[in-house]
Amino acid sequence: MSLWSKTIKLVTGVEPSTKVSVPRLRKVTRRDLIRMESKIGATVFGPVPANHRREFFCLDEHTWVWYEEWIDETTGARREMTTRYEVHPHGVLKVQDGQPYALVEGEELRNLAIATRMYREQVMRSVYRRDPVTGQKLSVSTGTI
Amino acid sequence: MTELGYRPDQTPQGAAQERFIFVDPADRKGREFEVYAAQSQSPVRGADSPEIYQALEDAHNAAQEVKREAAARTPEQAAGDAELAQAIDWNAQTIEVTREYTEVNGF
């Protein structure tokens, strides 16, 4: 018996267990993760205006969702808009409530590409604590620099 | 009519499967969609709701519009857009893989 074990037994009267007990955390769900990601996603298009609520997240491996909710200053009514971006082999399709389907092109497509890249980089670092390029776990020191 | 997103496995509960032959053009290849759309030209058994025909027509028009827009792009534009689409997809796939891993294994 080591000196440490003897000391513990002397103080507590119980022989210390050699097994390390790890507290069991609640299992994280997909919904939890998307919620965490969306908080970061909301910022990649710039500051959220007052009286607005924004969510931007990756729904699945081919779909991105932008949700914006705001109060109409003239009527005081709550407004909302959901935009779904679906990635297809030859382009990105934009689907909005009440709007015809449209291919995303030009500046909008470039901005979307930049936004998704920022999302990946920030989410990988801040939510998953991983290097956005290699996918490797970030060490504590790397993550704080 | 904006609810065009019904796929065969997503029909509203209680609805007969054959009534909902329209599909989301965003999720289908054009050819496959046209096969579905073509069925609207002849009476569909049990499909007596004008809303279904309207949805079919809307979906068909939407698919045609997308095809027209895609065809109007120059080869350079199309290549550039495809490259950006791939980059966007790669970002999503990276997140999805990491998310699935984390769901199973934790952080």
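The coordinates are above.
Note that the structure is predicted; figures quoted are calculated from it, not measured.

Visitor: Got a minute to help me understand the overall build of chain A in this structure?
Guide: Each helix and strand counted, chain A has four helices and five strands in total. Mapped from its N terminus to its C terminus, chain A presents α and β elements in the order α-α-β-β-β-β-β-α-α. Counting all 145 residues of chain A, 33% fall into the buried class. Long-range contacts, defined as pairs at least 24 residues apart, comprise 20% of the intrachain contacts of chain A with a sequence gap of at least 6. Accessible area of chain A: about 9700 Å², with a carbon and sulfur share of 56%.

Visitor: Explanation requested: the interface of chain A and chain B in the structure shown.
Guide: You'll often see interface size given as the accessible area lost when the parts meet. Across the contact, 44 residues belong to chain A and 33 residues belong to chain B. For the pairing of chain A and chain B, the buried interface totals around 3300 Å² over both sides, and the portion due to carbon and sulfur atoms is 63%. In this structure, the connection of chain A to chain B is made through two salt bridges. Across the pair Arg-30 of chain A and Glu-96 of chain B runs a salt bridge whose closest N-O atoms are separated by 2.9 Å. Listing elements by their share of the side of chain A that touches chain B, those giving two or more residues are α2 (30-41), β1 (52-60), β3 (78-88), β4 (91-96), β5 (102-104) and α3 (106-126) of chain A.

Visitor: What's the story with the packing of aromatic side chains in this structure? I'm lost.
Guide: Aromatic ring pairs: the centre-centre distance and the angle between the two ring planes describe each pair. All names here are of chain A. Across all of its chains, the model carries six aromatic pairs over all chains by this definition. With centroids separated by 5.6 Å and ring planes inclined at 15 degrees, the aromatic side chains of Phe-56 and Trp-64 adopt a geometry described as stacked. According to the relative accessible area criterion, Trp-64 is buried, its value standing at 0%. Taken together, a centroid distance of 5.1 Å and an interplanar angle of 85 degrees make the contact between Trp-64 and Tyr-119 edge-to-face. Within this pair, whereas Trp-64 is found in strand β2 (residues 63-71), its partner Tyr-119 is found in helix α3, the two being separated by 55 residues in sequence. Tyr-119 sits in the buried class, given a relative accessible area of 0%.

Visitor: How should the pairing of β2 of chain A be read in this particular structure?
Guide: Note on strand geometry: in a regular strand, side chains alternate between the two faces of the sheet. Residue and element names in this part refer to chain A. Examined bridge by bridge, β1 and β2 share eight bridges and lie antiparallel to one another. By the bridge assignment, Asp-60 is partnered in β2 with Thr-63. In this structure, the hairpin formed by β1 and β2 is closed by a connection of two residues. Of the pairings in the sheet, the one linking β2 to β3 comprises nine bridges and is antiparallel in character. Paired with Ile-71 across the two strands is Arg-78, which belongs to β3. Hairpin connection of β2 to β3: six residues between the antiparallel strands, including Gly-76 at a positive phi of 75 degrees.

Thresholds, definitions, all that
- In this numbering scheme, every chain counts its residues from 1 along its sequence in written order.
- Note on labels: chains are lettered from A, ligands numbered from 1, in written order.
- pLDDT decides what is reported in this predicted model: residues at 70 or higher carry local features, side-chain atom pairs at 80 or more are listed and counted, and totals for whole chains, interfaces and linings draw on all residues regardless.
- Values reported for side chains reflect all heavy atoms of the structure, with hydrogen atoms and water molecules removed beforehand.
- By definition, any uninterrupted DSSP run of H or I lasting at least four residues is a helix, any uninterrupted run of E lasting at least two residues is a strand, and each is numbered from the N terminus.
- Exposure categories follow from relative accessible area, calculated using a 1.4 Å probe and restricted to protein chains: below 20% of the type maximum is buried, above 50% is exposed, and the middle band is partly exposed.
- Contacts: residue pairs with any heavy atoms within 4.5 Å of one another.
- Reported accessibility uses the Shrake-Rupley method at a 1.4 Å probe radius. Residues are deemed covered only where the shown protein chains occlude them.
- Put simply, buried area is how much 1.4 Å-probe accessible surface two parts lose in total, over both of them, once they are put together.
- What makes a salt bridge here is a side-chain nitrogen of Lys or Arg within 4 Å of a carboxyl oxygen of Asp or Glu, nothing more.
- Pairs were defined over the aromatic rings of Phe, Tyr and Trp, the Trp ring being its six-membered one, requiring ring centres within 6.5 Å. Orientation was assigned from the angle between planes: stacked under 30 degrees, edge-to-face over 60, tilted for the rest.
- One requirement defines pairing of two strands: DSSP has to find at least two bridges between them.

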